[in-house]
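Chains, contacts and geometry: an overview
Next come the chains, spelled out residue by residue.
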Amino acid sequence: NFFRTLGLQPLHGKLIDEASEGETVGPPPVVVSHAFWTGQLAADARAIGSTIELNGAPFHISGVLPKDFKGVGRLSQ
């Protein structure tokens, strides 16, 4: 409930706590930052639901964080 506790809504897709409910098969979900989504994934909405490899392990992209989220305690106003 990390993202829910912070009151965040995904820019695209779902957050991990929403995406992982009831899932037991397949790669674990990951939520990517807006910067990663635009810089590495060309801001392609089709990236949601795809699988990427991070440190040699597969992850399922479940969502994209809002552009203004910079980490805990660092939301821009």
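You'll find the structure just up there.
Here goes a summary of the coordinates provided. Please read these numbers as outputs of a predicted model, since none were measured by experiment. (Residues numbered from 1 in each chain as written. Predicted model: local features only at pLDDT ≥ 70, side-chain atom pairs only at ≥ 80, totals over all residues. Heavy atoms only, no water.)

1. Observations concerning the overall build of the chain
Along the chain, the regular secondary structure elements total 3 helices and 4 strands. Moving toward the C terminus, one meets the helices and strands of the chain in the order α-β-α-β-α-β-β. Across the chain, every contact between residues at least 6 apart in sequence was considered, and the portion connecting residues at least 24 apart equals 58%. Accessible surface computed for the chain: about 5100 Å², of which carbon and sulfur atoms make up 53%. (Helix = DSSP H or I, 4+ residues; strand = E, 2+ residues; numbered from the N terminus. Contact = heavy atoms within 4.5 Å. Areas by Shrake-Rupley, 256 points an atom, 1.4 Å probe, with all protein chains shown as cover.)

2. A word on the side chain of His34
Locating His34 in the fold gives a position in helix H3 (residues 34-40). Overall, His34 belongs to the buried group, its relative accessible area being 16%. Residues within four places of His34 in sequence aside, it is in contact with Leu11, Val64, Leu65, Pro66 and Lys67. (Buried < 20%, exposed > 50% of the residue type's maximum accessible area, 1.4 Å probe, protein only.)

3. Overview of unusual backbone geometry
Positive phi, close to 50°, is recorded for Ala43, a residue that is not glycine. For Ala43, the position within the fold is in the loop between H3 and strand E3 (51-54). Residue classification places Ala43 among the partly exposed residues on the basis of a relative accessible area of 36%. The backbone phi angle of Asn55 is positive, close to 50°, even though this residue is not glycine. Within the secondary structure layout, Asn55 lies in the loop between E3 and strand E4 (57-64).

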